[in-house]
Amino acid sequence: MTSATTPTPRPADDDWWRSAVVYQVYVRSFADANSDGVGDLQGIRQRLPYLRDLGVDALWLTPFYTSPQVDAGYDVADYRNVDPLFGNLTDFDEMITDAHALGLRIIVDMVPNHTSSAHPWFAAALAAGPGSPERERYLFADGKGEQGELPPNDWESIFGGPAWTRVVDGQWYLHLFDPAQPDLNWRHPEVRAEFEDILRFWLDRGVDGFRIDVAHGMIKAEGLPDVGFNSMTTGQRQSELLGKGRLPYFDQDEVHDIYRAWRPILDSYPGGRMAVAEAWAETPQRLARYIGPDELHQAFSFDFLDATWSADSFRKVIDTALAESTIVGAPTTWVLSNHDRQRHVTRYGDGEVGLRRARAAALLMFALPGCAYVYQGEELGLPEVLDLPDELRQDPAFRRTGESRDGCRVPIPWGGELPPYGFGPGGSELSWLPAPATWRSLSVAAQTGISGSTLELYRTALRIRHEHPALAEVGGITWLETEPGVLAFRRVAGDTELTCVVNISGADVTVSGHGRPVVASADLTERGDGHVLPVDAAAWFERR
Ligand code: NOJ
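Residues numbered from 1 in each chain as written. Predicted model: local features only at pLDDT ≥ 70, side-chain atom pairs only at ≥ 80, totals over all residues. Heavy atoms only, no water.

- Under the annotation held in an unreviewed UniProt entry, the protein carries the name Alpha-glucosidase and is attributed to Micromonospora echinospora.
- Its UniProt record gives the protein the following Sequence similarities (unreviewed entry) comment, quoted word for word: "Belongs to the glycosyl hydrolase 13 family." (UniProt positions renumbered as here; feature names shortened; annotations may be inferred.)

Here it is in C-alpha cells:
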C-alpha cells in the first residue's frame, strides 16, 4: 500500500483549461516500459519530455484502473487502484510528480455509468438475489413474457444486441455496453457517495481533472420505457440516434444533478481542477447544458470531429459551437480524433490526400479559441490501420456488430527499423496490436527535426499558439470574405493579428493582405504580393 504523495503546487492560473491543448494518452498503446507488449504508466513517465517538447499543456489518460480489460479498461473493478498491466499506485505517483515538474497537467478518465461485472458490488448483487439491497445499486429488473423470458424492455447495447442479460435466478440486468459492464443505479445514494469519494481519492493524489465517460448516460428515464424500435424489430440500431435524437437512457435532465454535486468538490481543490464530458445530446444546445460554472468545464465537440471535409460543414459547426460557448461562458472543446473513432487522416480520404487534409485540419483547430484535444499519434499523421487480422481485434463490439475500434489503437511508433518501432525498450518485439510496415517512416525518430514533417508542423503550431498574443485571447473569431470553399478567420489582440486560411476549394488560391506566413501545412509559393495556398492546405499569417 502506498500513500498519496503531496500534490505538487500547480501554477496559479485556475483557468488553464480554457485554452489548453490536451494530449490523449491511450495508455495501452503509448509506450511500454516493461516489454510485455502493452503500454504502461512508467512508459508514459519516460516519454513525458517528448510531450513537453511537443508543446501540449495536459495529458488525458484513458482508464488504467484494475480491470478484466473486456472493454480495454472501461470496465473497472477497482476505481482506487492501478491494473498490474499498467503498473501500480507508486508508478502513478511518480508519473504525476514528473509530469507536474515538467509543467504538464494530468486528467484521468472516470467511468461512472457502469462498473465491471468483476466489481465487488456486482458480485454481491448476484450473490444476494432479487429484491436485495445489493441489487439496488445496479439496474436489475424482471423480464417480460410468461416466464420472464423476454428482456424488460427493447433497449439495445451500444455494442450491439440487447442491453439486458439474464442471470441464473431469472432477473435481468442492464448494460448499455458489454454484458461485462453492468449499469449502475445513479438514483441510489450509495452510488453517488462512492463516486464523490473516488473523485476525492484522485484529486488528493494530485490529478488536475477528469474526463467523464458516457457523461450523458447515468440517469435512465423513470419506468425504463421502450424506445419503440431496435435492430431486431425494424433493423434500425438505436445508437444511430446518438447525437441526433432522444433515447430514454441518455441525456435525461436529472443527470445534471450529479454534476452540480461534483462541481463544488472540484472547486474545493486548488489549481483549477476540471472535468470534460464525453456526452452525446440531441442538439448543441442540450450538449451545452453539461458545461457552465455549476456543472462541468468542457464537453467535447463531436460535431467538429464529424464535420466533413468542406468549408460549409466546418463553418457551420464552428459557428454553432462558438455561439453555445458564449452563452454558457465556457470554452469550446475541439477534437478531431480519439480512441473510439476512425483516425481523421483516413476519414478525410486516407493516403496522401487524407494526410494533407489532416495537417490542414490541425492548423484550423489550433487557431480556434478554446481547448483542443490531440489524440496520440495524430501529431505523426498516423492513419487508421484498416487491415488488422480479425483474430487480433479486441474491441468487444467487433464480435457483436462487425465494427471495431482497434484500427485507431495500434501502438505508437517511436523509432527503429522494425515493428513495433520502439514501442517497448531495447528492441522488444511485442505489441498487443501489430504496427504496419509503412509506419517506419512515420515514427517519432523518423520525423524529429525533419522540416515539413507532421510532427514538426504540430510542434511549430503549438509553439506559436502558446506565444502569439492573438491566439492567447479567449475571445471570438472574425470570419473574412473569401472565395467559395476557403475558410479564413482572424483573431486579434491589440494591434496584433493572426489569420488562419484553409483551402478546401479544390483549386490553388492566392492569399494576400494578411501579413507574413508563420506556419503552413504545405509549401507556400510567393505570387505577386501574396502567397499561393495549395489545395487542402492551411496557413497562418500574422501582422504586428
Ligand atoms: C466511451 C469510451 O470512450 C469507449 O471506449 C467505451 O467503450 C465506452 N465509453 C464504454 O465505457
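This is not the end of the story, as more comes after the structure.
### Quick look at the overall build of the protein
(1) Moving on: Across its full length, the protein carries 16 helices and 21 strands.
(2) Moving on: Relative to the globule expectation of 24 Å for 544 residues, the C-alpha radius of gyration of the protein, 24 Å, shows essentially globular dimensions.
(3) Moving on: Principal-axis analysis of the C-alpha atoms places the extent of the protein at approximately 80 × 50 × 50 Å.
(4) Moving on: Counting over 544 residues, the protein shows a buried share of 60%.
(5) Moving on: Across the protein, the fraction of contacts at a sequence separation of at least 24, relative to all contacts at a separation of at least 6, is 68%. (Helix = DSSP H or I, 4+ residues; strand = E, 2+ residues; numbered from the N terminus. Rg over C-alpha atoms; globule rule 2.2 N^0.38 Å. Buried < 20%, exposed > 50% of the residue type's maximum accessible area, 1.4 Å probe, protein only. Contact = heavy atoms within 4.5 Å.)

### Quick look at the site of the ligand
(1) Moving on: The ligand sits among 13 residues. The nearest are Asp 71, Arg 211, Asp 213, His 339 and Asp 340.
(2) Moving on: Taking Asp 71, its side chain carries an N or O atom lying 2.6 Å from an oxygen atom of the ligand.
(3) Moving on: Calculation on the ligand without its partners gives an accessible area of 290 Å², and the protein chains cover 97% of this total. (Near = heavy atom within 4 Å. Polar contact = N/O pair within 3.5 Å; in protein donor to acceptor, adjacent residues only side chain to side chain. Areas by Shrake-Rupley, 256 points an atom, 1.4 Å probe, with all protein chains shown as cover.)

### Some points on the pairing of strand β20 (residues 530-533)
(1) Moving on: Across three bridges, strand β17 (residues 509-511) lies against β20 in antiparallel orientation. Each residue of the ladder has a partner; that of Val 511, found in β20, is His 531.
(2) Moving on: Both strand β19 (residues 525-527) and β20 contribute to a ladder of three bridges, which runs antiparallel. Bridging across to β20, Arg 527 finds its partner in Gly 530.
(3) Moving on: Where β19 hands over to β20, the hairpin turn is made up of two residues, of which Gly 528 adopts a positive phi near 55°. (Pairing = 2+ DSSP bridges.)

### Here's the deal with the nonpolar core
(1) Moving on: Within the largest apolar cluster, 152 residues are counted, with the highest numbers of intra-cluster contacts made by Trp 202, Phe 366 and Trp 540.
(2) Moving on: Looking at this core element by element, the count peaks at nine residues for helix α12 (residues 351-367).
(3) Moving on: Among residues more than four places away in sequence, those in contact with Trp 202 are Phe 64, Tyr 65, Tyr 79, Arg 80, Asn 81, Leu 89, Phe 92, Met 110, Val 207 and Phe 210.
(4) Moving on: Of all hydrophobic cores here, the second largest spans 18 residues; its members include Leu 139, Ala 163, Leu 241 and Leu 247. (Core = buried A, V, L, I, M, F, W, Y, C linked by side-chain atoms within 4.5 Å.)

### What about the environment of His 468?
(1) Moving on: Structurally, His 468 is set in the loop between α15 (454-467) and α16 (469-472).
(2) Moving on: Assessed through its relative accessible area of 3%, His 468 is described here as buried.
(3) Moving on: Taking the C-alpha atoms as reference points, His 468 and Glu 429, separated by 39 residues in sequence, lie 43 Å from one another.
(4) Moving on: For His 468, the contacting residues outside a window of four places in its chain are Thr 496, Glu 497, Leu 498, Glu 542 and Arg 544.
(5) Moving on: A distance of 2.7 Å separates a polar atom in the side chain of His 468 from a polar atom in the side chain of Glu 542.

### So, the domain arrangement of the protein
(1) Moving on: On domain assignment, one finds that the protein holds domain 1 (16-115 + 189-462), domain 2 (120-174) and domain 3 (477-543).
(2) Moving on: Between domain 2 and domain 3, the C-alpha centre-to-centre distance is 57 Å. (Domains from an automatic or database assignment.)

### Quick notes on the packing of aromatic side chains
(1) Moving on: By the definition in use, this model includes 33 aromatic pairs.
(2) Moving on: When the centroid spacing of 6.2 Å and the interplanar angle of 70° are considered together, the rings of Trp 60 and Tyr 373 count as edge-to-face. Here Trp 60 is found in strand β2 (residues 58-61), whereas its partner Tyr 373 is found in strand β13 (residues 371-375), with 313 residues between them in sequence. Like Tyr 373, Trp 60 is buried.
(3) Moving on: Put simply, the rings of Phe 64, Tyr 65, Tyr 79, Phe 92, Trp 186, Phe 195, Phe 201, Trp 202, Tyr 259, Trp 262 and Tyr 290 touch in pairs and so form one group of aromatic residues.
(4) Moving on: Taking the ring centre of Trp 414 as reference, the NZ or CZ of Arg 47 above it sits at 3.9 Å.
(5) Moving on: Above the ring of Phe 140, the side-chain terminus of Arg 135 is found at 4.4 Å from the ring centroid. (Phe/Tyr/Trp six-rings, centres within 6.5 Å; stacked < 30°, edge-to-face > 60°. Lys NZ or Arg CZ within 6 Å of the ring centre and 35° of its normal.)

### Considerations on α15
(1) Moving on: Here α15 is 14 residues long and its end C-alpha atoms lie 20 Å apart, about the 20 Å a rise of 1.5 Å per residue gives.
(2) Moving on: Counting buried positions along α15 yields ten of 14 residues, so the element is predominantly enclosed.
(3) Moving on: Those residues of α15 that fall on the buried side of the exposure criterion are Thr 454, Leu 455, Glu 456, Leu 457, Tyr 458, Arg 459, Ala 461, Leu 462, Ile 464 and Arg 465. (Expected span 1.5 Å × (residues − 1).)

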